[in-house]
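# Summary of the model geometry
Here is what each chain is made of, one letter per residue.
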Amino acid sequence: MSSVCLSMEGGSAASTPAALPYYVAFSQLLGLTLVAMTGAWLGLYRGGIAWESDLQFNAHPLCMVIGLVFLQGDALLVYRVFRNEAKRTTKVLHGLLHVFALVIALVGLVAVFDYHRKKGYADLYSLHSWCGILVFGLYFVQWLVGFSFFLFPGAPFSLRSRYRPQHIFFGATIFLLSVGTALLGLKEALLFNLGDKYSAFEPEGVLANVLGLLLACFGGAVLYILTRADWKRPSQAEEQALSMDFKTLTEGDSPGSQ
């Protein structure tokens with residue numbers, strides 16, 4: 001333990017890969033443009049957003065893009081961006097971003113179900129709606145399990161280590177499913193609203209197609225950053241020391257056994 005503490009005091013911060021900040025900045029430019037263009041689409045062609053009116057439905061696509069696409073993507077990038085900050089701080093930020101995404105997505109779900117109820121429309125009949133419920137359910141379970149294992153004190157160290165690869169895999173998978181579901185919803189909205197006019201290159205259709213490309217590009221940018229092995233957050237001496245102490249407390253191992 002003493003050697004670990006010395007390395008913590010005298011060690012230097014891990015260097016950031018030269019290209020990483022540019023890719024992260026590009027992903028954020030794509031994400032912010034995506035959110036802004038979604039708002040522009042709803043404002044210019046769908047009448048805007050108002051909860052107690054026929055415009056209530058429009059809160060659904062905006063909330064889903066902000067929550068389950070943009071914020072979820074940013075939550076996944078936290079460990080790439082904050083490479084030298086304390087692991088506990090980074091972990092809390094990762095969890096909070098997921099909470100914000102979950103709450104905003106829940107507002108979007110309430111909006112569409114409440115709108116359907118008021119209009120007498122059927123629920124959960126389309127592929128988009130089935131995928132949406134699946135994604136939201138998986139996202140909620142992923143957050144609960146992640147909180148229980150990584151934020152809530154008491155989970156055995158060995159269990160955390162075994163579950164971490166699954167947590168990472170399901171996080172990336174749910175994010176990609178979210179992007180795909182958003183694309184399905186966008187196409188469904190265009191077919192409902194434009195009908196035969198969609199094939200006539202209506203301005204709304206062109207704008208929405210560009211929005212779809214932004215969705216795909218943002219998803220691809222986030223996935224690329226996540227899958228670069230040399231861009232992963234390096235293990236720090238602080239984390240090694242905390243891991244040793246946690247394992248000693250929960251499993252009775254001694255630091256010297258490491």
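These numbers were taken from a predicted model, which means no experiment stands behind them.

## Quick look at the overall build of the chain
- Looking only at helices and strands, one finds eight helices and zero strands in the chain.
- Ordered by position from N to C terminus, the α and β elements of the chain give α-α-α-α-α-α-α-α.
- Counting the 258 residues in the chain, one finds 41% classified as buried.
- Here the chain has roughly 13800 Å² of accessible surface; of this, 69% comes from carbon and sulfur atoms.

## Things to note about the UniProt feature "transmembrane region" (unreviewed entry) in the chain
- With numbering matched to this structure, UniProt assigns "transmembrane region" (unreviewed entry) to residues 20–44, 64–82, 94–113, 133–155, 167–186 and 206–226.
- As annotated, residues 20–44 has a helix share of 100% and a strand share of 0%, and its two end C-alpha atoms lie 36 Å apart.

## Digging into the packing of aromatic side chains
- In total, this model carries 12 aromatic pairs according to the counting rule given.
- Pairing Tyr23 with Tyr224 gives two aromatic rings, centres 5.2 Å apart and planes at 35°, and the pair type is tilted. One end of the pair, Tyr23, is in helix 2 (residues 20–45); the other, Tyr224, is in helix 7 (residues 203–227), and 201 residues separate them in sequence.
- A relative accessible area of 35% places Tyr23 in the partly exposed class.
- On the basis of relative accessible area, Tyr224 is assigned to the partly exposed category, the value being 33%.
- Measuring from ring centre to ring centre gives 6.4 Å for Phe149 and Phe150, while their planes differ by 75°; the resulting arrangement is edge-to-face.
- We classify Phe149 as buried; its relative accessible area is 19%.

## Here's the deal with the environment of Phe170
- Within the secondary structure, Phe170 is located in helix 6 (residues 157–194).
- Residue Phe170 is classed as partly exposed on the basis of its relative accessible area, which comes to 39%.
- Once the C-alpha coordinates of Phe170 and Leu138 are considered, the two residues, 32 residues apart in sequence, prove to be 8.7 Å apart.

## Digging into the packing of helix 2 against helix 7
- Here helix 2 crosses helix 7 at 155°, and the two axes come no closer than 9 Å. Looking at the two axes, helix 2 sits roughly antiparallel to helix 7. You can see that helix 2 and helix 7 cross each other, and the crossing is left-handed. Along its contact with helix 2, which presents Leu20, Tyr23, Val24, Ser27, Leu30, Gly31, Thr33, Leu34, Met37, Thr38, Trp41 and Tyr45, the element helix 7 presents Pro203, Glu204, Leu207, Val210, Leu211, Leu214, Leu215, Cys217, Phe218, Ala221, Tyr224 and Ile225.
- Taken together, the residues of the contact of helix 2 with helix 7 sort by class into 19 nonpolar, four polar and one charged.

## Considering the side chain of His128
- By the element assignment, His128 lies in helix 5 (residues 127–151).
- Only 2.9 Å separates the side chain of His128 from the backbone oxygen of Thr181, close enough to count as a polar contact.
- Separated by 3.2 Å, the side chain of His128 and the backbone nitrogen of Gly185 make a polar contact.
- The contact partners of His128, leaving out residues within four places of it in the chain, are His60, Thr181, Leu184, Gly185 and Glu188.

## Structural notes on helix 5
- With 25 residues, helix 5 extends 34 Å from end C-alpha to end C-alpha; this agrees with the ideal 36 Å at 1.5 Å per step.
- Where helix 5 is buried, its residues contact helix 3 (59–81), helix 4 (87–119) and helix 6.

## Considerations on helix 6
- Between the first and last C-alpha of helix 6 there are 54 Å, a value that for 38 residues agrees with the 56 Å anticipated at 1.5 Å per step.
- Maximum bend of helix 6: about 40°, positioned at Tyr163, with proline Pro165 one to four residues after it.
- Positive phi shows up at Gly195, right after helix 6, with a value of about 60°.

## With respect to unusual backbone geometry
- With a phi close to 55°, Leu124 is a non-glycine residue in the positive phi region.
- By secondary structure assignment, the location of Leu124 is in the loop between helix 4 and helix 5.

## Some points on the nonpolar core
- Counting residues in hydrophobic clusters, the biggest one holds 46 residues, and the most contacted among them are Leu34, Trp41, Val69 and Phe218.
- Going through the elements one at a time, helix 2, helix 3, helix 4, helix 5, helix 6 and helix 7 are the ones with two or more residues in this core.
- The element that contributes the greatest number of residues to this core is helix 3, accounting for 11 residues.
- Once residues within four sequence positions are removed from consideration, Phe218 is found in contact with Ser27, Leu30, Gly31, Val69, Phe70, Gly73, Asp74 and Phe175.

What counts and what doesn't
Residues numbered from 1 in each chain as written. Predicted model: local features only at pLDDT ≥ 70, side-chain atom pairs only at ≥ 80, totals over all residues. Heavy atoms only, no water. Helix = DSSP H or I, 4+ residues; strand = E, 2+ residues; numbered from the N terminus. Buried < 20%, exposed > 50% of the residue type's maximum accessible area, 1.4 Å probe, protein only. Areas by Shrake-Rupley, 256 points an atom, 1.4 Å probe, with all protein chains shown as cover. UniProt positions renumbered as here; feature names shortened; annotations may be inferred. Phe/Tyr/Trp six-rings, centres within 6.5 Å; stacked < 30°, edge-to-face > 60°. Axes fitted to C-alpha atoms, helices over the stretch in contact; angles between N-to-C directions. Parallel < 35°, antiparallel > 145°, perpendicular 65-115°, else oblique. Left-handed = near helix turned anticlockwise from the far one by under 90°. Contact = heavy atoms within 4.5 Å. Nonpolar A, V, L, I, M, F, W, Y, C, P; charged D, E, K, R; others polar. Polar contact = N/O pair within 3.5 Å; in protein donor to acceptor, adjacent residues only side chain to side chain. Expected span 1.5 Å × (residues − 1). Bend = angle between axes of the 7 residues up to and from the residue. Core = buried A, V, L, I, M, F, W, Y, C linked by side-chain atoms within 4.5 Å.

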